Amino acid sequence: MKLRQLIPFFDTTAQDWAAEARILRWLTFLWLFVGLVVMFSASYPVGDADFGDGLYYIKRQALAVLIGMVGFNLLVHAPLRYVLGIADWFLLIFLGVILITLLPGVGTSIGGGARWIAIGPFLLQPSELIKPFLVLQSARIFGQWERLSWTTRITWVSIFCVMLVSILLQPNLSTAALCGITLWLIALAAGLPYIYLWCTAGGGLLLATLSISLREYQRKRIMSFINPWADPSQDGYQLIQSLLAIGSGGTFGTGFGLSQQKMGYLPIQYTDFIFAIFAEEFGLVGSILLLMLLLIYGTLAFLVARKARTTVQRLVAIGIMILMVGQSLLNIGVATGALPTTGLPLPFFSYGGSSMISSLISAALLIRVARESSEAEVVSLPERRLAKPVSTSQPTPNSVNRRSRRKPSSEPQPKASSEPKRLRPRNAP
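Worth saying up front: this structure is predicted, and the values here are computed from it rather than measured.

Caption draft 1: View of the nonpolar core. Core analysis: the biggest nonpolar cluster contains 100 residues, and F72, L136, F142, M163 and Y297 have the highest contact counts within it. Considering every element that reaches this core, the biggest residue donor is helix α10 (residues 274-307), with 14 residues. Sequence-distant contacts of F142, that is, excluding residues within four places in its chain, are made with F160, L183, I186, A187, A190, L192 and L315.

Caption draft 2: Broad picture of empty space enclosed by the protein. A full pass over the atoms with the stated rule returns one cavity of 30 Å³ or more. Considered as a void within the structure, the largest cavity measures approximately 70 Å³ in volume. If you trace the largest cavity, you find it lined by E128, K131, L323, M324, Q327, P347, S355, S358, S359 and S362. Elements with a contribution of two residues or more to the lining of the largest cavity: α4 (126-143), α11 (311-335) and α12 (353-374). With four residues, the top contributor of residues to the lining of the largest cavity is α12.

Caption draft 3: Structural context of a nonpolar patch on the surface. Together, L99, L102, V162, V165, L169, L207, L210 and L214 give the surface a local cluster of nonpolar side chains, amounting to about 670 Å² of exposed area. When contributions to the nonpolar patch are tallied by element, the ones reaching two or more residues are α5 (150-168) and α7 (194-214). With three residues, the top contributor of residues to the nonpolar patch is α7. Counting through the fold element by element, L99 comes out in helix α3 (residues 80-101). Residue classification places L99 among the partly exposed residues on the basis of a relative accessible area of 38%.

Caption draft 4: Looking closely at the side chain of S287. Following the sequence through the fold, S287 ends up in helix α10. The class for S287 is buried, based on a relative accessible area of 9%. Reaching out from S287, the side chain makes a polar contact with the backbone oxygen of G283 at a distance of 3.0 Å.

Here is what the cut-offs are and how they apply
Residues numbered from 1 in each chain as written. Predicted model: local features only at pLDDT ≥ 70, side-chain atom pairs only at ≥ 80, totals over all residues. Heavy atoms only, no water. Core = buried A, V, L, I, M, F, W, Y, C linked by side-chain atoms within 4.5 Å. Buried < 20%, exposed > 50% of the residue type's maximum accessible area, 1.4 Å probe, protein only. Helix = DSSP H or I, 4+ residues; strand = E, 2+ residues; numbered from the N terminus. Contact = heavy atoms within 4.5 Å. 1 Å grid on protein atoms, 1.4 Å probe; cavity = no way out; pocket = protein on both sides within 12 Å on 5 of 7 lines; lining within 4 Å. Points joined across faces, edges and corners; volume = space filled by probe spheres on them. Patch = residues over 30% accessible without salt bridge, like charges linked within 9 Å, V, L, I, M, F, W, Y side chains within 5 Å. Areas by Shrake-Rupley, 256 points an atom, 1.4 Å probe, with all protein chains shown as cover. Salt bridge = Lys/Arg side-chain N within 4 Å of Asp/Glu carboxyl O. Polar contact = N/O pair within 3.5 Å; in protein donor to acceptor, adjacent residues only side chain to side chain.

This is the structure we're talking about:
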């Protein structure tokens, strides 16, 4: 790999890619650019008020983009079979880090959930980084389900369950639900027996119900989603402010940087509720354009899945589509009051280095599948030795065969007599 392939936007080999891969690449860059612009606008007042630097959050986000871009360019040039071969190791490593966050005094708690590991001044969220590798490994397992032994099946299904439970214990119900839905849909696309799928779905619903019944703040979120105006100053405050921001945008929005709700009215407006700021500044027209971007991205991902050469490649494309487009729709649904409040970020929009790196890795995997599904594979043929020229004086096997296949002559042939010939004397008359 050449050095210029690691520099964002300067990969000259992209012009030789298939059409789907090139379009997905530029859609990813467009999505990323718009997200950085909106995040800059949404985070500037908070950065200026808390740190005396309005660029505080955008600087840290730009650093995450640079790190993610290196992984992005590496993955779009790496054969998918190599990435699948190491996906299980990354999954186990991040699962171990998730388990470490559950240890008292180790995980960093923000907003009531110990979901982060502090690495110097930066916070690492393993539940975000594990998402693309979860898609890879689940596609690898479910795509070859019939060829695997029962020991392998039970082992990896148990690992997936441990991962979901550990994320749920952080607690992070929204991420656990998204990962569980992704696993279930990949298994459904792989054609696993329905009895397995329905039993798994029932177990997931039971686990989610148990989590909500044991945690009061999750119950309050459900109740505030049903009627936020029942408690407008406490549990329903955030959703009401989000709806006010979206409604204030009107048709064309208030203009870039002119949002009023980000001035201390809407909490965490640069992460979970960043879509409300986007809708306020760009209005209904901007919101429709963003939804059209998601629709085009999801349609291309679906076409890539249909054209995939192998089952595993198809499942990877489907899983990435669920992560990118499905998570975006869930975040928008929360901001508009269509879904209960969750902590899912909006890919490429919400602030968070782990989320940004995970989104870039996911987009790179989809582009790689698009490349391998549409581009011709060059295979070197072994050289053959030239046969020696055959001498015309010696009969060749083909000529012998041709002679043996000659038709018999139509003229009668003299028959050999069975009686011995008698010799006549020379002087006989």
